[in-house]
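What follows is each chain in one-letter form.
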Amino acid sequence: MTIHLAARPADTLIVFDFETTGLSPDMGDRSIEIGAVLIENGQITRRFQQLMNPGVRIPLFIENLTGITNRMASEARKNAEVMQEFFEFIDGHNLVAHNASFDERFLRAEFKRIKRSFNGGIACSLLASRRLFQQAPNHQLVTLVEYKNLPSEGIYHRALADAEITAHLWLSLLEELQTRHELAAPSFAFMAQLCKTPKHQLPKLLSAAAQV
DNA sequence: TGCCAGGCCCTCTTTAGGGCCTT
């Protein structure tokens, strides 16, 4: 698989999270909230959060899960307008999400509707956590907050809150590589490679990187 | 109203099945 990396500093990226009406854009599900943070030099320097009005009904299960009601969505701006703003917020940066394959499907589906496309790299904090935090009870975001004592307001299933937690998780993963595996400032390209490296090949990847 | 997907990853595997994750 070819990874197309955006022309940005390796330590500068955007962590994002969608709240949606369900699990599959191919089945008609839509985004109802986008949250994102920009990480620069190990710090969150910008934040983005917007509710969206997708024009479809939000299931009761999702209302209860997220606290985002049909009334809230109906009073929000249309998806197209918000997603155009988010496209501009991304501004060519590489992206990170927890279980990124899920958020990437919604990102591409929403961008396709406004005739935009994302050509940067997307890395996954879930896949990286499974490799670097193998002793964690599981790799749900809520579990990893407790396992790694990550900063959290105790809010879950809201886009900005989950994006901020994922950002702290990502920084924790980078710290793990730097302290335990003695890698100097792992690049985004290295993290993307780590995400797709089979577990049994991890020691080889890490030892090779440590010698660079 | 109720339901839906898909990629990863392990194993009792690879001509497969099922749990984990995301909403």
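As shown above, the structure is provided for reference.
It should be emphasised that the depicted structure is a prediction, and the values quoted were computed from it without experimental measurement. (Residues numbered from 1 in each chain as written. Chains lettered and ligands numbered in written order. Predicted model: local features only at pLDDT ≥ 70, side-chain atom pairs only at ≥ 80, totals over all residues. Heavy atoms only, no water.)

Describing the layout of surface pockets
We apply this condition: A pocket here means an open set of points on a 1 Å grid, computed over the protein atoms alone, that has protein on both sides within 12 Å along at least five of seven lines. A cavity is instead a set of points where a 1.4 Å probe fits but cannot get out; residues with an atom within 4 Å of a point line either one. Grid points are joined across faces, edges and corners, and a volume is the space filled by probe spheres set on the points. Comment: elements are numbered from the N terminus, with helices defined as DSSP H or I runs of at least four residues and strands as E runs of at least two. We call Asp, Glu, Lys and Arg charged. Ala, Val, Leu, Ile, Met, Phe, Trp, Tyr, Cys and Pro are nonpolar, and the rest, Gly among them, are polar.
Considering only enclosed or pocket space, the largest pocket measures out at about 680 Å³ in volume. Lining the largest pocket are 23 residues, and of these Asp17, Leu65, Phe102, His157 and Asp162 sit closest to its centre. Those elements that place two or more of their residues in the lining of the largest pocket are β1 (13–20), α1 (60–66), α4 (100–113), α6 (141–147) and α7 (159–179). Grouping the amino acids of the lining of the largest pocket by side-chain chemistry returns 10 nonpolar, 9 polar and 4 charged.

Overview of the environment of Ala163
Just so we agree on the cut-off: Only protein chains enter the accessibility calculation, which uses a 1.4 Å probe; a residue is then buried when its area is under 20% of its type maximum, exposed when over 50%, and partly exposed in between. Here a residue-residue contact requires only that any non-hydrogen atoms of the pair lie within 4.5 Å.
Relative to the elements of secondary structure, Ala163 occurs in helix α7. Of the residues examined, Ala163 reaches a relative accessible area of 0% and is grouped as buried. Along the backbone, Ala163 and Asn94 are 69 residues apart, and their C-alpha atoms lie at a distance of 14 Å. In this view, Ala163 contacts Val15, Phe16, Asp17, Gly35, Ala36 and Val37; residues no more than four positions away in its chain are not counted.

Some points on the side chain of Arg131
Spelled out, the test is: Charged-residue counts in this description rest on Lys and Arg as positive and Asp and Glu as negative, His and the chain ends being excluded. Each salt bridge in this description consists of a side-chain nitrogen of Lys or Arg and a carboxyl oxygen of Asp or Glu lying within 4 Å of one another. Polar contacts here mean pairs of N or O atoms no more than 3.5 Å apart (in protein, one a potential hydrogen donor and the other a potential acceptor; neighbouring residues in sequence count only if both atoms are side-chain atoms).
By the element assignment, Arg131 lies in helix α5 (residues 125–132). Buried charge Arg131 goes without a salt bridge, the closest partner of opposite sign being Glu176 at 14 Å. A distance of 2.9 Å separates a polar atom in the side chain of Arg131 from the backbone oxygen of Leu127. Not counting residues within four places of it along the chain, the set of residues in contact with Arg131 comprises Leu194, Cys195, Lys196, Thr197, Lys199 and Leu202.

Considering the pattern of salt bridges
Under the criterion given, the structure shown has 8 salt bridges. For the salt bridge of Arg158 with Glu33, the shortest nitrogen-to-oxygen distance reads 2.8 Å. With Arg158 in the loop between α6 and α7 and Glu33 in strand β2 (residues 31–40), this residue pair connects regions lying 125 residues apart in the sequence. In this structure, Arg47 and Glu164 form a salt bridge, with 2.8 Å as the shortest nitrogen-oxygen distance. Placement of Arg47 in strand β3 (residues 43–51) and of Glu164 in helix α7 is noted, with a sequence separation of 117 residues between them. Given a relative accessible area of 48%, Arg47 falls into the partly exposed group.

With respect to the protein's contact with DNA strand B
Where we set the bar: Any residue with at least one heavy atom within 4 Å of a molecule or strand is counted as near it.
Around DNA strand B, the surrounding shell holds 26 residues, and the nearest of these are Glu19, Asn99, Arg131, His139 and Lys199. Between DNA strand B and Thr20 there is a distance of 3.0 Å, counted from a sugar or linking oxygen to a backbone nitrogen or oxygen. His139 places a polar main-chain atom, nitrogen or oxygen, 2.6 Å from a phosphate oxygen of DNA strand B. Where the surface near DNA strand B is concerned, the elements lending two or more residues are β1, α1, α4 and α5. Considering every element that reaches the surface near DNA strand B, the biggest residue donor is β1, with 4 residues. Taken together, the residues of the surface near DNA strand B break down into 8 nonpolar, 9 polar and 9 charged.

So, to be careful, I would describe these as geometric facts and stop short of saying anything about function.
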